[in-house]
Amino acid sequence: MRRQRILLVLAVALVAVAGMVLPASAQNVKLAIVAEITGGGAPVGAMWRDGVSLAVEDINKKGGILGRRLETFLMDTQSDPPTSVAVMRRAINEHPFAILGTVYSSSTVANMDIARQAGVPQITGSESVLITQKGNPNIFLTSFTQQIGFAKLVRWVAEDLKAEKIALIYVNNAFGRGGREMFLKFLKDRGKSVVADLSTEPQQADFTAELTRVRASGATHLMIYSHEEENARLMIQLRKLGLAVEPVGDNLCAQTTIDPGGEAMNGAKCHVPMTAASPVPSMLDVGRRFQEKYGRVPDHNGFKAYIGTHMVKAAVERVGAFDQAKVRDCLHNNLFTAAEEPGLLMDVYVDDKGDTDRGSFIVQVKNRKSEVIKVVGMLGGPYTKRACR
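Residues numbered from 1 in each chain as written. Predicted model: local features only at pLDDT ≥ 70, side-chain atom pairs only at ≥ 80, totals over all residues. Heavy atoms only, no water.

1. As for the overall build of the chain
- Looking only at helices and strands, the chain has 13 helices and 15 strands in total.
- Relative to the compact-globule value of 21 Å for 389 residues, the chain shows a C-alpha radius of gyration of 23 Å, a close match.
- Structurally, the chain occupies a C-alpha span of about 100 × 40 × 40 Å along its principal axes.
- Looking at the chain as a whole, 55% of its 389 residues are labelled buried.
- If you take every contact in the chain between residues at least 6 apart in sequence, the share linking residues at least 24 apart comes to 67%. (Helix = DSSP H or I, 4+ residues; strand = E, 2+ residues; numbered from the N terminus. Rg over C-alpha atoms; globule rule 2.2 N^0.38 Å. Buried < 20%, exposed > 50% of the residue type's maximum accessible area, 1.4 Å probe, protein only. Contact = heavy atoms within 4.5 Å.)

2. What to know about the nonpolar core
- In terms of nonpolar packing, the biggest core is built from 71 residues, with Trp-48, Leu-211, Val-214, Leu-222, Met-283 and Leu-331 touching the most fellow members.
- The element best represented in this core is helix H12 (residues 300-319), accounting for 10 residues.
- Once residues within four sequence positions are removed from consideration, Val-214 is found in contact with Ala-167, Ile-169, Leu-198, Ala-219, Leu-222, Leu-243 and Val-245. (Core = buried A, V, L, I, M, F, W, Y, C linked by side-chain atoms within 4.5 Å.)

3. So, the pattern of salt bridges
- Under the definition given, this model contains 24 salt bridges.
- With its nearest N and O atoms 3.4 Å apart, the salt bridge here joins Lys-61 to Glu-57. A residue pair is termed a helical-turn pair when its members lie 3 or 4 positions apart in one helix, as Lys-61 and Glu-57 do in helix H2 (residues 42-61) at four residues.
- We classify Lys-61 as exposed; its relative accessible area is 65%.
- Relative accessible area serves as the criterion here: at 27%, Glu-57 is assigned to the partly exposed category.
- Glu-246 is the salt-bridge partner of Lys-269, the closest N and O atoms lying 3.1 Å from each other. Of this pair, Lys-269 sits in strand E10 (residues 269-272) while Glu-246 sits in strand E9 (residues 246-249); the two residues are 23 residues apart in sequence, bridging distant segments of the chain.
- One connected set of salt bridges, linked through shared partners, spans Asp-58, Asp-285, Arg-288, Arg-289 and Glu-292. (Salt bridge = Lys/Arg side-chain N within 4 Å of Asp/Glu carboxyl O.)

4. Let's talk about helix H11 (residues 281-294)
- Its 14 residues place the ends of H11 20 Å apart at the C-alpha level, agreeing with the 20 Å of an ideal helix rising 1.5 Å per residue.
- Every buried residue of H11 is listed here: Met-283, Val-286, Gly-287 and Phe-290. Considered in projection along H11, the buried side chains sweep an arc of 100° and stay on one side of the axis. Turned more than 90 degrees away from the buried face of H11 sit Pro-281 and Glu-292, all of them exposed. (Expected span 1.5 Å × (residues − 1). Arc of directions from axis to C-beta.)

5. As for the pairing of strand E15 (residues 369-376)
- Of the pairings in the sheet, the one linking strand E14 (residues 360-366) to E15 comprises seven bridges and is antiparallel in character. Its bridge partner lying in E15, Gln-364 is registered against Glu-371. (Pairing = 2+ DSSP bridges.)

6. Describing the sheet that holds strand E11 (residues 334-336)
- Spatial strand order, E11-E12-E13: three strands in an open sheet with antiparallel pairing. Every other strand in the sheet has two partners, leaving E11 and strand E13 (356-358) as the edge strands with one partner each. Neighbour-to-neighbour, the strand axes of the sheet open up by a mean angle of 20°, direction not taken into account. (Axes fitted to C-alpha atoms, helices over the stretch in contact; angles between N-to-C directions.)

7. Quick look at the state of the cysteines
- For the structure on display, the rule yields two disulfides.
- Across the disulfide, Cys-253 is cross-linked to Cys-270 (sulfur-sulfur distance 2.1 Å). With the S-S bond torsion at 75°, the cross-link from Cys-253 to Cys-270 turns out right-handed. Residue Cys-253 is found in the loop between E9 and helix H10 (255-261), and its partner Cys-270 is found in strand E10; the two are separated by 17 residues along the sequence.
- The buried category is assigned to Cys-253, whose relative accessible area is 4%.
- Assessed through its relative accessible area of 0%, Cys-270 is described here as buried. (Disulfide = S-S within 2.5 Å.)

What follows is the structure in structure tokens.
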């Protein structure tokens, strides 16, 4: 009888131990990577995935966030906005603390309400102004939208390049239309307009018709605003046709455009949010380690993913807890400095819509690599840092 009682006590103890919840400090924190791993956006999605992975590795090596390690799981949108909605629902079912993605603006516009309804903070690599115009309090950009980016870009085109006859070729989706809207707005504010305004389709292969119209317009400068692989095809055809225009853009000078575009990319000039050629030592270090680990130079999407992961870290640590609602509030109307969180690489201000302001760069492609020719400061400010506890 005594033996039976002992066995019963042991059994009850084992059941109790099995049902125990580990203390919060011992639990891993899930981050969902939702990105364009296959389809037309695969080069972009791969950069985003690897940027998050490098950041998580760096954070875990330093003890994680508030003593908790990060873990990620990956879901593929197939570069298709409707598919991204279903994928976002599946990601939410895994109960992540935050979602990192998507990158394509058309997908983010389609899927961001799913994350908002679930209350899971969404850190996106998208830049379309259409995203922040929705008034979604749950979405945060890792770079600035076209509202800030194009204000800087147009100032550079008008003041530094002295461009007067400017043609525009843009992709006809949320990303491209948002960029076109801002480009035309800021030109108009300076009393300027484009001499040609031409739309293209996602994954378009032949741009002969559009480039012929650019030639006929007499443009001296061509603003190219499409996805990276389309940018490369367009530049190759532009060089073959011998157009005497100066190509300008932003992601036009991304490494994921330069690699397929080859020699045709030389001479392109861009305003970019971040670059592996940056004079910022911490950005150079991340670029070097990214290349060593993944065998390719990171473009702005790789850096945005790295920075976005550290935005989550910075906000959680300022809140002092893994509280999604408090983290969302902390990320709004707040300044986060690289001195406080080195993984941000540069100081960043996040406004009430989730848009960001930060430093940026003017680059020129030479010998199939971007070289920084100018550092551009924040558009606004000075900004203040707010405590969140």
